[in-house]
Amino acid sequence: MKTEGPATARGAVSGFLENPVIGMAPWIIFSLVVGPGRFEIAVVLALATTIVLVAAGRIINRGSSWKLLELADLAFFTILAVIGLLASDGTRRWLETYAGEVSNIALALIAFGSMAIRMPFTLQYAREQVDPEYWDKPAFLRTNYLITGAWGLAFLVAAIAGAYGDLVLHNPNNIWTGWIIQILAIVAALRFTAWYPDVARARARREAGQPGPEPPHLAGMFVPLAGLLVPIGIAVLIFDSNVWWLGVALIVGGGMLTKRLTAHP
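Here is what the cut-offs are and how they apply
Residues numbered from 1 in each chain as written. Predicted model: local features only at pLDDT ≥ 70, side-chain atom pairs only at ≥ 80, totals over all residues. Heavy atoms only, no water. Helix = DSSP H or I, 4+ residues; strand = E, 2+ residues; numbered from the N terminus. Rg over C-alpha atoms; globule rule 2.2 N^0.38 Å. Buried < 20%, exposed > 50% of the residue type's maximum accessible area, 1.4 Å probe, protein only. Contact = heavy atoms within 4.5 Å. Lys, Arg positive; Asp, Glu negative; His and termini not counted. Charge placed at Lys NZ, Arg CZ, Asp CG, Glu CD. Axes fitted to C-alpha atoms, helices over the stretch in contact; angles between N-to-C directions. Parallel < 35°, antiparallel > 145°, perpendicular 65-115°, else oblique. Left-handed = near helix turned anticlockwise from the far one by under 90°. Nonpolar A, V, L, I, M, F, W, Y, C, P; charged D, E, K, R; others polar. 1 Å grid on protein atoms, 1.4 Å probe; cavity = no way out; pocket = protein on both sides within 12 Å on 5 of 7 lines; lining within 4 Å. Points joined across faces, edges and corners; volume = space filled by probe spheres on them.

1. What to know about the overall build of the protein
Point 1. Along its length, the protein carries 10 helices and zero strands.
Point 2. Its helices and strands in sequence order give the protein the pattern α-α-α-α-α-α-α-α-α-α, from N to C terminus.
Point 3. Taking 18 Å as the expected radius of gyration for a compact globule of 265 residues, we find that the protein reaches 20 Å, a close match to that expectation.
Point 4. With the principal axes as the frame, the protein shows a C-alpha extent of 60 × 50 × 45 Å.
Point 5. When the 265 residues of the protein are sorted by exposure, 39% land in the buried category.
Point 6. Taking the contacts inside the protein whose residues are at least 6 apart along the sequence as the reference set, 70% of them involve residues at least 24 apart.
Point 7. Computed over 19 positive and 17 negative side-chain charges, the inter-centroid distance for the protein is 6 Å.

2. Considering the packing of helix α9 (residues 218–239) against helix α10 (residues 244–262)
Packed helices, taken two at a time, are described by the angle their axes make and the gap between the axes.
Point 1. Look at α9 against α10: their axes get within 7 Å of each other, and the N-to-C directions meet at 155°. Put simply, α9 runs roughly antiparallel to α10. Crossing of α9 over α10 shows left-handed handedness. Of the residues in α10, those in contact with Ala 219, Phe 222, Val 223, Ala 226, Gly 227, Leu 229, Val 230, Ile 232, Gly 233, Ile 234, Val 236 and Leu 237 of α9 are Trp 244, Gly 247, Val 248, Leu 250, Ile 251, Gly 254, Gly 255, Leu 257, Thr 258, Leu 261 and Thr 262.
Point 2. When grouped by side-chain class, the residues that make up the contact of α9 with α10 number 16 nonpolar, seven polar and no charged.

3. Quick notes on the environment of Glu 207
Point 1. In this structure, Glu 207 sits in helix α8 (residues 175–207).
Point 2. A residue is classified by how much of its surface remains accessible, and Glu 207, at 69% relative accessible area, is exposed.
Point 3. With 55 residues separating them along the chain, Glu 207 and Gly 152 place their C-alpha atoms 29 Å apart.

4. Here's the deal with empty space enclosed by the protein
Point 1. Here the structure, examined in full by the defined rule, presents two cavities of 30 Å³ or more.
Point 2. Approximately 170 Å³ is the volume found for the largest cavity.
Point 3. Looking at the largest cavity, it is lined by 21 residues, and the ones nearest its centre are Ser 31, Val 34, Glu 101, Pro 172 and Gln 182.
Point 4. Elements that contribute at least two residues to the lining of the largest cavity include exactly α2 (20–33), α5 (89–116), α7 (138–168) and α8.
Point 5. Counting residues per element, the lining of the largest cavity draws most heavily on α5, at five residues.
Point 6. A breakdown of the residues in the lining of the largest cavity according to their chemical character gives five nonpolar, 12 polar and four charged.

5. Some details on the side chain of Thr 122
Point 1. Note on placement: Thr 122 falls in helix α6 (residues 121–126).
Point 2. In contact with Thr 122, other than residues within four places in its own chain, are Pro 20, Asn 144, Ile 147 and Thr 148.

Read these as geometric descriptors, not functional statements.
Given below as structure tokens:
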């Protein structure tokens, strides 16, 4: 009995590290933190997170292979750290303004590029969690293409929103382009990553004539997004009082929509 606890804990940590979302954590942290006066802290946090996750992956999962995303994490944030140390004041100001968009575009290119070479980056993580007999199954491959594409699209939306705030509004800290739209895009990708594999497994069982639960309803995909409308509405009331009515509408609409989606059978 004494050995079950450490073994179980090690397995839980191993499963945590094998989740592709963990490989994207440094990018998410960086894109949400970086901004005027915050470039250094954003790079330090992203690079430190990368080093910790890579080291933990090599220690906990000794047989784990290097992932495309891990290599990209190390290369991108190390380069940014070096540039930040050597850059002139003008270059550093440019990075403070546009590094968020650069990182979002970089990850979108990694996602879509990995799909173009027929190795969606989530596939490397997924293969370590399933038996090799499933690696070439159409449903398994399709699931990873869709999840990788969802993340590519999320970071592309975040890049466009940030660029609009910087280039059109000339306000990197705009609550909508700098925070709300980007957070919603990331949360949507997170939710799709958690929701769609259950859908794919249920559909595969039904196609094979095996018993099992019905595929999760689409409503389950949107419950967290609807719930997020309430804190967004509160944030609008606090930071953008010019559109207070929109904050109220988001709070009321978010509450009603969450209730309706949750009640769906």
